[in-house]
Structures are given as structure tokens and as C-alpha cells.
Amino acid sequence: MAVSTLDPKRPWEQHYDADTINIVVDTATLRVLNAVFAPAQQVPWHIHTNINDHFWVIEGRLRIETKTPDQVLELGPGGYCNVAPGCEHRVTSIGPERCHFVNLQGFGSYDFVPHRGPEETAR
């Protein structure tokens, strides 16, 4: 029987892979992550019910897709995007090189609610 080694401070590890994610700030209402994604690495469709998700690109290219409103933003160095609570979104490293970005998540308790497609919601 496998024993789970998931760190409760790193809940994303059960949902996606990244080259590097360092927690810079972690409080009850604020989380700041310094992240590096390889080309094509992505955070799959999800929502946060309580927090705004802020993204600042340091180097490389990052695509942020949202639903309601349906948007596709492609950010380069210096680019910024805010995703409001309840807005379903996906984040993907695009381009031939790694993408380094800072992600501020706050203010409120952190959660990660994965997308449930029509085939899953019918169960």
C-alpha cells in the first residue's frame, strides 16, 4: 500500500506538475508562489472560490484562458493578469523556453476546485 507524501502546503501537486514552485509567502489569507514551468506545462481548468489569482510574468510566455468571460491572454515578460474568484481558468507555459512567473493568491482561504466535465457531473 502506497503512503501519500503530499505536503498539505503544496496542494497543487495532486493536480499538475511544474518544474519549480517555491512558496514565498503562505498565510491563512495570502499565498505567493515563484513558479517556473517548462514549455507546455499547465495548470488544468479549475476555479478558486475565495481568492483572486494574480499572475506576473518574469520571463518566457504564459497563456491564461478563462471562461465567463471567455478570454485568452498571452503574456510576455512584464505581463499581468488577475482572475477573479469563481472564474474557471487554465494556465499554460507557451513558447520554446521555460516560463518564470509570480502568482499571488489572496485574500482569503486557498482552495483548488478542478474542472468537472459533463461526463463527470452526470455521475
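A few points on the structure.

Reading guide: rules and limits
Residues numbered from 1 in each chain as written. Predicted model: local features only at pLDDT ≥ 70, side-chain atom pairs only at ≥ 80, totals over all residues. Heavy atoms only, no water. Salt bridge = Lys/Arg side-chain N within 4 Å of Asp/Glu carboxyl O. Helix = DSSP H or I, 4+ residues; strand = E, 2+ residues; numbered from the N terminus. Pairing = 2+ DSSP bridges. 1 Å grid on protein atoms, 1.4 Å probe; cavity = no way out; pocket = protein on both sides within 12 Å on 5 of 7 lines; lining within 4 Å. Points joined across faces, edges and corners; volume = space filled by probe spheres on them. Nonpolar A, V, L, I, M, F, W, Y, C, P; charged D, E, K, R; others polar.

Attention now goes to the pattern of salt bridges. In the structure shown here, the tally under the stated rule is 3 salt bridges. Across the salt bridge formed by Arg31 and Asp26, the nearest N and O atoms sit 3.6 Å from each other. Residues Arg63 and Glu74 are paired through a salt bridge, measuring 3.0 Å at the closest nitrogen-oxygen approach. With Arg63 in strand E5 (residues 61–66) and Glu74 in strand E6 (residues 71–75), the pair connects residues that are 11 residues apart, well separated along the chain.

In this section: unusual backbone geometry. Cis geometry marks the peptide bond from Thr68 to Pro69; its omega dihedral reads 10°. You can see Pro69 is positioned in the loop between E5 and E6. Unlike most non-glycine residues, Thr68 shows phi in positive territory, near 55°. Position of Thr68 relative to the elements: it lies in the loop between E5 and E6.

Once that is clear, we can look at the environment of Val72. Within the fold, Val72 resides in strand E6. Between the alpha carbons of Val72 and His89 there is a distance of 9.7 Å; along the sequence they are 17 residues apart.

For the rest of this paragraph, the subject is the pairing of E5. With 6 bridges joining them, E5 and strand E8 (residues 89–94) adopt antiparallel strand pairing. Counterpart to Thr66 in the pairing with E8 is His89. In the sheet, E5 pairs with E6 via 5 bridges, with the strands oriented antiparallel. From the neighbouring strand, Arg63 faces E6, where its bridge partner is Glu74. In sequence, E5 turns back onto E6 through a hairpin of 4 residues, with Thr68 there showing a positive phi of about 55°.

Our focus in this paragraph is empty space enclosed by the protein. Evaluation of the coordinates by the stated rule reveals 1 cavity of 30 Å³ or more. By volume, the largest cavity amounts to about 140 Å³. Broken down by secondary-structure element, the contributors of at least two residues to the lining of the largest cavity are strand E2 (30–37), strand E3 (42–47), strand E4 (52–59) and strand E9 (99–106). Looking at side-chain class alone, the lining of the largest cavity contains 12 nonpolar, 4 polar and 1 charged residues.

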